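The residues making up each chain are set out below.
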Amino acid sequence: MTMLGHNRRRMSGAECMADLLAGYGVTHVFMVPAVLRRTFAEMERRTRIKRIHTHGEKSAAYMADGYARATGKPGICMAQVIGALNLAAGLRDAYLAHSPVIAFTGGRDPATKFRKVYQEVDDVPAFEPVTKFNATVDDVARFPDMVRQAFRAAVSGTPGPVHLQFRGNEGQVDAEEAEMEPLVEELFARVPPFRPEPDLAHMRAALALLQQAERPVIVAGGGVRASRAGHELVALAEALAIPVATSLNGKDSIPGTHPLSVGVVGTYSRESANRVVQEADLVCFIGTETGGMTTHFWAVPKIGTPAIQIDINPEALGRNYPLLASVNGDARATLVRMLAGADRTSAGKRRAWIEETQKICAEWREKYQPLLTSDAVPIRPERLCAELTRHLPDDAIVVVDTGHAGMWMGGMFDLTSPGQSYMRSAGHLGWAFPAGLGAKCACPERPVVAFTGDAGFWYHIGEIETAVRWRINAVTVVNNNGSGNQSKRGFDRVYGGTQTDAGRTLWTFNKTNFARIAAEMGALGIRVENAAALPAALGQALTADRPAVIDVVTDIDALAPIAVS
Ligand SMILES: Cc1ncc(C[n+]2csc(CCOP(=O)(O)OP(=O)(O)O)c2C)c(N)n1
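Residues numbered from 1 in each chain as written. Predicted model: local features only at pLDDT ≥ 70, side-chain atom pairs only at ≥ 80, totals over all residues. Heavy atoms only, no water.

With that settled, consider the overall build of the chain. What the chain contains, in helices and strands, is 21 helices and 20 strands. Computed over the C-alpha atoms, the radius of gyration of the chain is 24 Å, within 12% of the 24 Å expected from 2.2 N^0.38 for a compact globule of 565 residues. Dimensions along the principal axes, computed over C-alpha positions, put the chain at roughly 70 × 60 × 45 Å. Burial status across the chain gives 60% buried among its 565 residues. Across the chain, contacts joining residues at least 24 apart in sequence account for 76% of those joining residues at least 6 apart. Entry remark: accessible area of the chain is about 21,800 Å², with carbon and sulfur atoms responsible for 52%. The averaged location of the 60 negative side-chain charges in the chain is 1 Å from the averaged location of its 59 positive side-chain charges. (Helix = DSSP H or I, 4+ residues; strand = E, 2+ residues; numbered from the N terminus. Rg over C-alpha atoms; globule rule 2.2 N^0.38 Å. Buried < 20%, exposed > 50% of the residue type's maximum accessible area, 1.4 Å probe, protein only. Contact = heavy atoms within 4.5 Å. Areas by Shrake-Rupley, 256 points an atom, 1.4 Å probe, with all protein chains shown as cover. Lys, Arg positive; Asp, Glu negative; His and termini not counted. Charge placed at Lys NZ, Arg CZ, Asp CG, Glu CD.)

Spelled out as structure tokens, the structure:
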């Protein structure tokens, strides 16, 4: 790296921004124009960055989020002033999931503000609740240091979104010139920039408790995935014979087919994981916020269960569970230390516990076997998930929506290889389809399979055209039951058991053939009405050389099991 200030030259903000983004390794930006127009022209002249023009700012933010979660590299999204709040809405999932998304918007010019300029409101406060760093760039000379700060904030510690508002409704400040140097800090081009080592005394205290425990369980969260610590997690679990449950965000830190994996714990979960965590005598939380979703609103485990926790963010330690040991450090760095100090002879005392947890998992599988293998028409979602478990490639990136999609895939689907990745909506219906497109932009060589309900797919269906235009060859599997039937139970409840016909209109939709819509837009559309046709449909979609939508007609009466019986 050259010394700051030694390479300054007169350049426009647009030239500087294009060089900065290329220098950080950005390959795609996602936006609705017009914002930073001159920067786009400079991107074309000076870089190979693809400028993905979407059909809405929210989906642009979700694409950037999918890009970021697939790689750990910040995803960039942009909007002109009138689209700024649409973009802010799209940052909420990234904020909840700690995803490093950087949003650029056009904004107020001091020369004209408060004069009822076309389209203008003060957008900056709306970004406050969904960003780690929310700032304005009013002077072109600030481009280099503010963009560096954006990357630094997005990827550091617990990652998260950043917003920079550029002066001018379209960010026209990029046309101005100054003496600048587009200096890039490669360290901050990706999560994690640093791997803080734990305090050894704290680490040893946690390790000693794990080794003494007879019925411990690890609950691994998104911090394990952000730290890319899955390999070390599995190694420690194997060395000490400790079962592993994950949060939804941490699902890809251990393959579901590993003998120590007990499944996803919490609300959108697998009953076996909840049973194991409920029966544990020590819970070791690693890289998880111990939030409501992962703990079924702090019921699994019960508060007061002996617990230890490892996290890069010291403020997370003990937030919801009083701890016997707290370890502040990077997940991988801490697990490497624990593994080096592990007393493998302590594993023997947990043999009975491991047998018990495997029995619990076998009972779960037996209970759901009829549904996982069902030939019913319309198709059961459990069978759909089982087919995905069987047929997804070893290097697939699986991108999952919330609502029923989150429940079905969280509970019924298994990753089968450490080379597979899993990302999921942190709460927003409609996130998965555009996020899958972003993931495919980031990793064009990997198969990307998004899983969404029809309720979720409707949100950003116009982005099929974007995928076709840019040849973003992701596969989207639609669990199409003509409804948002996750809401059925809730409406049954408020109607005192039986809904009126009018009540059903609150969660049902017209029947739609998404394969035909996709084909009309130039994608491959495959309609599947019989479960036996799923493997061939997947095979065809994964090799189609164009975006594909598999429209799976499923049972409107299929409701996902609830977490704790
Ligand atoms: C942005 C947003 N708005 C509202 C919700 C609340 N919500 C959760 S599930 C759901 C209905 C969708 O049902 P689902 O059963 O997931 O759809 P299906 O799989 O049947 O297509 C709604 C409206 C949400 N999660 N996100």
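This paragraph deals with the site of the ligand. Residues in contact with the ligand amount to 17 residues; listed here are only the nearest, H404, D454, N481, S483 and Q486. A distance of 3.1 Å is found between a nitrogen atom of the ligand and a backbone nitrogen or oxygen belonging to L429. Measuring from an oxygen atom of the ligand, one finds a backbone N or O atom of S483 at 2.8 Å. For the ligand, whose unbound accessible area comes to 590 Å², protein coverage reaches 73%. With 3 residues, the single largest contributor to the shell around the ligand is helix α16 (residues 454-459). Grouping the constituent residues of the shell around the ligand by class yields 3 nonpolar, 13 polar and 1 charged. (Near = heavy atom within 4 Å. Polar contact = N/O pair within 3.5 Å; in protein donor to acceptor, adjacent residues only side chain to side chain. Nonpolar A, V, L, I, M, F, W, Y, C, P; charged D, E, K, R; others polar.)

Bringing the pattern of salt bridges into the picture now. Taken as a whole and judged by the stated rule, the model has 34 salt bridges. The partner of R142 in a salt bridge is D145, and the shortest N-O contact between them spans 2.9 Å. Looking at R142, the relative accessible area reads 39%, which means it is partly exposed. Notably, a salt bridge pairs R383 with E387, separated by 2.7 Å at the nearest N-O pair. Of the two residues, R383 and E387 both sit in helix α13 (residues 381-391), 4 residues apart, roughly one turn of that helix. Relative accessible area serves as the criterion here: at 10%, R383 is assigned to the buried category. (Salt bridge = Lys/Arg side-chain N within 4 Å of Asp/Glu carboxyl O.)

Across all of its chains, the model carries 12 aromatic pairs by this definition. Between F104 and F166, the aromatic rings sit 5.2 Å apart at their centres with planes inclined by 90°, giving edge-to-face as the arrangement. Of this pair, F104 sits in strand β5 (residues 101-107) while F166 sits in strand β7 (residues 162-167), placing them 62 residues apart in sequence. The pair F104 / F166 is uniform in exposure class, with both members buried. Between F297 and W298, the ring centres sit 5.9 Å apart and the planes meet at 90°, which makes this aromatic pair edge-to-face. On the basis of relative accessible area, F297 is assigned to the exposed category, the value being 54%. (Phe/Tyr/Trp six-rings, centres within 6.5 Å; stacked < 30°, edge-to-face > 60°.)

A word on the state of the cysteines. All told, the structure shown has 0 disulfides when counted by the stated rule. Distance from the sulfur of C441, which forms no disulfide, to the nearest cysteine sulfur (C443) is 9.9 Å. Residue C441 is classed as buried on the basis of its relative accessible area, which comes to 7%. (Disulfide = S-S within 2.5 Å.)

Quick look at the environment of S269 now. Summarising the element assignment, S269 is placed in the loop between β11 (261-264) and α10 (271-279). Note on S269: relative accessible area 14%, which makes it buried. As for S269 and A523, which are separated by 254 residues in sequence, their C-alpha atoms are 33 Å apart. Ignoring anything within four residues of it in the chain, the contact list for S269 reads V264, N274, G411 and A563. At 2.7 Å, the side chain of S269 and the backbone oxygen of G266 are in polar contact.

Another aspect to go through is the sheet that holds strand β17 (residues 448-453). Neighbouring strands of a sheet are bound in pairs by backbone hydrogen bonds; such pairs are parallel or else antiparallel. The strand order across the open sheet formed by 6 strands is β16-β15-β17-β18-β20-β19, and the pairing between neighbours is parallel. The open sheet terminates on both sides in strands that have one partner only, identified here as β16 (421-424) and β19 (524-528). Mean inter-strand twist for the sheet, computed between neighbouring axes without regard to direction, equals 15°. Inspection of the sheet shows strand β15 (residues 397-400) paired to β16 by 4 bridges, in the parallel sense. When the bridges of β16 are listed, I397 appears paired with S421. (Pairing = 2+ DSSP bridges. Axes fitted to C-alpha atoms, helices over the stretch in contact; angles between N-to-C directions.)

For the rest of this paragraph, the subject is a nonpolar patch on the surface. A grouping of F297, W298 and I303 is seen on the molecular surface, where their side chains present a nonpolar patch of about 320 Å² in accessible area. You can see F297 is positioned in the loop between β12 (282-286) and β13 (307-311). (Patch = residues over 30% accessible without salt bridge, like charges linked within 9 Å, V, L, I, M, F, W, Y side chains within 5 Å.)

Strands sit in the order β11-β10-β9-β12-β13-β14 across an open sheet of 6 strands; the sheet is parallel. Both edges of this open sheet fall to β11 and β14 (325-328), since each of them pairs with a single strand only. Put simply, the sheet's adjacent strands are angled 15° from each other on average, direction ignored. Relative to β12, strand β9 (residues 216-220) runs parallel, the two sharing 5 bridges. Across the sheet, the residue bridging to V219 is F285, located in β12.

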